[in-house]
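# Structural overview
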Amino acid sequence: GNQMTRPKAVMHEVPLRATKDERGEYQFQPESELWDESEHDFSFHKDRHGMSAHDYHLVEFTLDDQTGDELKFPPTPHDAMWVAEGGKRSERVCPDMHTVSDYEVMEPICVSEDRRRLIVRNDNPRKEDWAFTLNFVKRGEDPTDRARHVNWDPGGSNHNGGTIG
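Residues numbered from 1 in each chain as written. Predicted model: local features only at pLDDT ≥ 70, side-chain atom pairs only at ≥ 80, totals over all residues. Heavy atoms only, no water.

### Considerations on the overall build of the chain
Looking only at helices and strands, the chain has one helix and ten strands in total. Starting at the N terminus, the α and β elements of the chain follow one another as β-β-β-β-β-α-β-β-β-β-β. Per-residue burial for the chain yields a buried fraction of 41% across its 165 residues. A fraction of 65% describes how many contacts in the chain between residues 6 or more apart in sequence connect residues 24 or more apart. For the chain, the exposed surface amounts to about 9500 Å²; the carbon and sulfur share of it is 45%. (Helix = DSSP H or I, 4+ residues; strand = E, 2+ residues; numbered from the N terminus. Buried < 20%, exposed > 50% of the residue type's maximum accessible area, 1.4 Å probe, protein only. Contact = heavy atoms within 4.5 Å. Areas by Shrake-Rupley, 256 points an atom, 1.4 Å probe, with all protein chains shown as cover.)

What follows is the structure, given as structure tokens:
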């Protein structure tokens, strides 16, 4: 018959190593074929994975914390990842705690019980149009206090500069 097939998910595991440099700044290094080191960005290609247009990606970030600060994801998925429509790369700004996130295309849907894993659904539009920030909570911090989160914002145009305080 001519039945619509149900959307399939393709699962991608992204181990994310967190370390702290001598200045006390956090460094995050994803270890995944999706990560484009030169672009500091993730790239998703449905055709490369034999996917149909209505299929979607599930990305599982697994935190490998080497910082000594016992970083964990906040227990609420929407606190663990902020997503914003990005515009052109040069003008793209990663979302911060004041951004109203837009989860239409990319949505964090599950934080594991031990708070080391975050699963994100990505319906995969043009990748350059989205920016996101992952958030972590240090040992002893209130996970609902967004101002205290440790942030990682891959693909942001200020990736290396950080924010000027």
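### Structural notes on the packing of aromatic side chains
The way to describe two aromatic rings as a pair is by their centre distance and the angle between their planes. Enumeration over the complete set of coordinates arrives at five aromatic pairs. On the numbers, 5.0 Å between centres and 15° between planes, the contact of Phe 28 with Phe 136 is stacked. In this pair, Phe 28 sits in strand 2 (residues 26-30) while Phe 136 sits in strand 9 (residues 130-136), placing the two residues 108 residues apart along the sequence. For the pair Phe 28 and Phe 136, a shared accessibility class is recorded, and that class is buried. Relative to Trp 152, the ring of Trp 35 lies with its centre 5.6 Å away and its plane at 40°, an arrangement referred to as tilted. Residue Trp 35 is located in strand 3 (residues 35-36), and its partner Trp 152 is located in strand 10 (residues 150-152); the two are separated by 117 residues in the primary sequence. The residues Trp 35 and Trp 152 share a single accessibility class, namely buried. (Phe/Tyr/Trp six-rings, centres within 6.5 Å; stacked < 30°, edge-to-face > 60°.)

### Section: the sheet that holds strand 10
If you walk across this open sheet you meet the three strands as 6-9-10, and the pairing is antiparallel. Two strands close off the open sheet at either side, each with one partner strand: strand 6 (81-85) and strand 10. The average angle at which neighbouring strand axes cross in this sheet is 20°, direction not considered. Summarising the sheet, strand 9 and strand 10 pair through three bridges and their orientation is antiparallel. Bridge assignment links Leu 134 to a residue of strand 10, and that residue is Trp 152. (Pairing = 2+ DSSP bridges. Axes fitted to C-alpha atoms, helices over the stretch in contact; angles between N-to-C directions.)

### Structural notes on the pattern of salt bridges
Applying the stated criterion across every chain, the model contains nine salt bridges. The closest approach of N and O atoms between Lys 8 and Asp 55, which form a salt bridge, is 3.4 Å. Linking Lys 8 in the segment before strand 1 (9-20) with Asp 55 in the loop between strand 4 (41-42) and strand 5 (56-65), this pair joins segments that are 47 residues apart in sequence. Note on Asp 55: relative accessible area 2%, which makes it buried. Of the charged contacts in the structure, one is a salt bridge between Glu 25 and Arg 23, with a shortest N-O distance of 3.3 Å. Classification of Arg 23 by relative accessible area gives exposed; the value is 59%. Taken together, the salt bridges that share partners define one network made up of Asp 21, Arg 23 and Glu 25. (Salt bridge = Lys/Arg side-chain N within 4 Å of Asp/Glu carboxyl O.)

### Observations regarding the environment of Pro 143
Take Pro 143: it is sitting in the loop between strand 9 and strand 10. Sequence separation of Pro 143 and Pro 74 is 69 residues, and the distance between their C-alpha atoms is 5.3 Å. When sequence neighbours within four positions are dropped, the list of residues in contact with Pro 143 reads Pro 74, Pro 75, Asp 79, Arg 115, Val 137 and His 149.

### Re empty space enclosed by the protein
Here the structure, examined in full by the defined rule, presents two cavities of 30 Å³ or more. Within this model, the second largest cavity holds a volume of roughly 40 Å³. Forming the walls of the second largest cavity are Phe 42, Phe 44, Val 59, Phe 61, Met 81, Met 106, Val 120, Asn 122 and Phe 132. Counting only elements with at least two residues in the lining of the second largest cavity, the list comes to strand 5 and strand 8 (117-122). Residues belonging to the lining of the second largest cavity are distributed by class as follows: eight nonpolar, one polar and no charged. (1 Å grid on protein atoms, 1.4 Å probe; cavity = no way out; pocket = protein on both sides within 12 Å on 5 of 7 lines; lining within 4 Å. Points joined across faces, edges and corners; volume = space filled by probe spheres on them. Nonpolar A, V, L, I, M, F, W, Y, C, P; charged D, E, K, R; others polar.)

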